[in-house]
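Spelled out from the first residue to the last, the chains are:
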Amino acid sequence: MKDYSNLSFTWNGDLTSVSGTAQQARNMLRPLIEGGAHVRLEHMPINRAQEPMNEWWNNTLNTCRQVSPGLIRINSVHPSQGKPNPTGGPTVLFTHWETNEPPKQWREKMFSDTYDEIWVPNSLLAKQLDGCNKKVRVLPYSLDENFLNGKTIADVHSVSEQSFVFGTTGTWDNRKNLSDTIIAYFGEFSSIDKVVLVIKTNGQNAIDVNERKKISNMVQAIKKSINRSDHPPIILVQDVFRQEAMDSLIRKFSCFVSSSRGDARNITMVKAMARGIPCIFTDCLASKDIVDRYAKETHTNPRFLQGVNYFIEPVMQMGNYYTGIDRWTKPSCDQLMFAMRNVYTDHFTDPGVQDRAIMAKESRKIFSKSVLPNLLEEAQPFAVQRLA
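Conventions adopted
- Residues numbered from 1 in each chain as written.
- Predicted model: local features only at pLDDT ≥ 70, side-chain atom pairs only at ≥ 80, totals over all residues.
- Heavy atoms only, no water.
- Axes fitted to C-alpha atoms, helices over the stretch in contact; angles between N-to-C directions.
- Helix = DSSP H or I, 4+ residues; strand = E, 2+ residues; numbered from the N terminus.
- Parallel < 35°, antiparallel > 145°, perpendicular 65-115°, else oblique.
- Contact = heavy atoms within 4.5 Å.
- Nonpolar A, V, L, I, M, F, W, Y, C, P; charged D, E, K, R; others polar.
- Left-handed = near helix turned anticlockwise from the far one by under 90°.
- Buried < 20%, exposed > 50% of the residue type's maximum accessible area, 1.4 Å probe, protein only.
- Arc of directions from axis to C-beta.
- Polar contact = N/O pair within 3.5 Å; in protein donor to acceptor, adjacent residues only side chain to side chain.
- Pairing = 2+ DSSP bridges.
- Salt bridge = Lys/Arg side-chain N within 4 Å of Asp/Glu carboxyl O.
- Phe/Tyr/Trp six-rings, centres within 6.5 Å; stacked < 30°, edge-to-face > 60°.
- Core = buried A, V, L, I, M, F, W, Y, C linked by side-chain atoms within 4.5 Å.

**Observations concerning the packing of helix 1 (residues 20-34) against helix 13 (residues 372-387)**
Phase 1: Here helix 1 crosses helix 13 at 65 degrees, and the two axes come no closer than 10 Å. As the angle between them shows, helix 1 and helix 13 are arranged roughly perpendicular. Residues Met28, Leu29 and Leu32 of helix 1 form the contact with helix 13, whose own contacting residues are Leu372, Pro373 and Leu376.
Phase 2: Here the contact of helix 1 with helix 13 is built from residues that sort into six nonpolar, no polar and no charged.

The following block contains the structure:
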């Protein structure tokens, strides 16, 4: 275990919600805490859907709330929610957005005197901040040790081994846009195809029975809107999983599909790649950054990563913190259908088992490197100098 006892920081943000933000925080923080870093945790959940925590995290959350403030303060929150460092040391805003430019209503807070640096989870967001008055750093997602060690639980849902399994995941909202994946699936495939679509989703309140029923009804409404009598099967999963269970479900996918209108991380795509699972995705923001990073590190462009073109349209009040008119991507449904059919056909004619194994091996190597210790080590001398 690496020694991190020289690091001292406060982490203010979401640690337990069913979200990529919370999952990334846990994955990065645990090795540092176990390595002896001085870490104060200030938990700020971003939605009502909470992931069940294991014993280690329950104990750590209680213990690290009592720790004194660190030299560096990292606010992993919306720009309006960050607080200055009470020690007088540097204050970092670790934030993200899923639009083609920082939302106008966020910028005043982002560039205020509260923050010394801005950290973002992918390089395309960093490029959008070119010329701003802050130091900008990239802190990408990294795979957690349990995933890399293959720690999973028993099967969570049964899927026929004869079926090609398309899988899509995410909160049921306009941004994640799971509906376009469902439309493309029902539009392209029929009951004759050996195929099934697994939809892992939940609403903002994952345990609300009425919300679950509403999502189920919306999926059925999409199905009825496709004018055919031989719809292929779907499996709708609305359970709240621990991460090990989610990893077990991803293993069942033959192909991961993301028709998101914008992602800052796309964690499931990284995990699918690390399993050698083909991916179809809207070719923007985090998904594009992931593929670009893979291509740069390996000098290859694997055929198992298929980006879908998109157009950009203004959307009023997308939801959550997006309260104004922002520019959002919208994937091409025709291209989505075409890509899904191609991956399905290749599975039976040219599965590329060896190439997928190479993608899995390279992805694990590339995406298991957390740069958080490096960023802290770069910022800490400035903190010490400021407090001298």
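Now that the structure has been shown, the text picks up again.
**Examining the packing of helix 6 (residues 178-188) against helix 11 (residues 333-349)**
Phase 1: Two elements in contact, helix 6 and helix 11, have axes separated by 9 Å at closest approach and are oriented at 60 degrees. Judged by the inter-axis angle, helix 6 sits oblique to helix 11. Judged by the twist between their axes, the crossing of helix 6 over helix 11 is right-handed. Across the interface between the two elements, Asp180, Thr181, Ile183, Ala184, Tyr185, Gly187 and Glu188 from helix 6 touch Cys333, Leu336, Met337, Met340 and Arg341 from helix 11.
Phase 2: Split into classes, the residues belonging to the contact of helix 6 with helix 11 amount to seven nonpolar, two polar and three charged.

**A short note on helix 2 (residues 55-64)**
Phase 1: Among the residues of helix 2, Trp57, Thr60, Leu61 and Cys64 are the ones counted as buried. Mapping the buried residues of helix 2 onto a view down its axis gives an arc of 100 degrees, with all of them on the same face. With respect to the buried face of helix 2, the exposed residues turned more than 90 degrees away are Glu55 and Thr63.
Phase 2: Buried residues along helix 2 sit against helix 1 and strand 2 (38-43).
Phase 3: For helix 2, the N-terminal capping position is held by Asn54, with its side-chain oxygen 3.2 Å away from the main-chain nitrogen of Trp56.

**Section: unusual backbone geometry**
Phase 1: Non-glycine residue Asn177 carries a positive phi angle of around 55 degrees.
Phase 2: Examined against the element boundaries, Asn177 turns out to sit in the loop between strand 7 (164-171) and helix 6.

**Structural notes on the sheet that holds strand 2**
Phase 1: Judged by pairing direction, the sheet is parallel, and its six strands sit side by side in the order 2-1-3-4-5-6 without closing on themselves. Either end of the sheet is taken by a strand with one partner, and the two such strands are strand 2 and strand 6 (135-138). On average, each strand axis in the sheet is inclined to that of its neighbour by 20 degrees, with strand direction left out of account.
Phase 2: Note that strand 5 (residues 117-120) and strand 6 share four bridges and pair parallel. Paired with Glu117 across the two strands is Lys135, which belongs to strand 6.

**Some points on the pattern of salt bridges**
Phase 1: Under the defined criterion, the tally for this structure stands at 22 salt bridges.
Phase 2: One salt bridge connects Glu51 with Arg26, and the closest N-O pair in it is separated by 3.1 Å. Pair noted here: Glu51 is in the loop between strand 2 and helix 2 and Arg26 is in helix 1, with a separation of 25 residues, a long-range link. Summarising the burial analysis for this pair, Glu51 and Arg26 share the class buried.
Phase 3: Residue Asp247 pairs with Lys271 through a salt bridge whose shortest N-O separation is 2.8 Å. Of this pair, Asp247 sits in helix 8 (residues 243-251) while Lys271 sits in helix 9 (residues 267-273), placing them 24 residues apart in sequence. Pair check on accessibility: Asp247 and Lys271 agree, each one buried.
Phase 4: Members of the salt-bridge network, linked through shared partners, are Glu98, Arg175, Lys176 and Asp263.

**A word on the packing of aromatic side chains**
Phase 1: Under the criterion given, the structure shown has twelve aromatic pairs.
Phase 2: Ring centres of Trp106 and Tyr322 lie 5.4 Å apart, and the angle between their planes is 20 degrees; on these two criteria the pair is classed as stacked. Here Trp106 is found in helix 3 (residues 104-110), whereas its partner Tyr322 is found in the loop between strand 13 (310-316) and strand 14 (325-331), with 216 residues between them in sequence.
Phase 3: Judged by its relative accessible area of 3%, Trp106 is buried.
Phase 4: Judged by relative accessible area, which is 7%, Tyr322 ranks as buried.

**Points about the nonpolar core**
Phase 1: If you look at the biggest cluster of nonpolar residues, it comprises 31 residues, and the most contacted ones within it are Leu143, Phe253, Met269, Met273, Cys279, Leu305 and Phe367.
Phase 2: The set of elements that each furnish at least two residues to this core consists of strand 8 (195-202), helix 8, helix 9, strand 11 (279-282), helix 10 (285-298) and helix 12 (353-366).
Phase 3: Broken down by element, this core gets its largest block of residues, five residues, from helix 9.
Phase 4: Leaving out residues up to four positions away in the same chain, Leu305 has contacts with Met273, Cys279, Phe281, Val291 and Met359.
Phase 5: Of all hydrophobic cores here, the second largest spans 28 residues; its members include Leu29, Cys64, Phe94 and Leu139.

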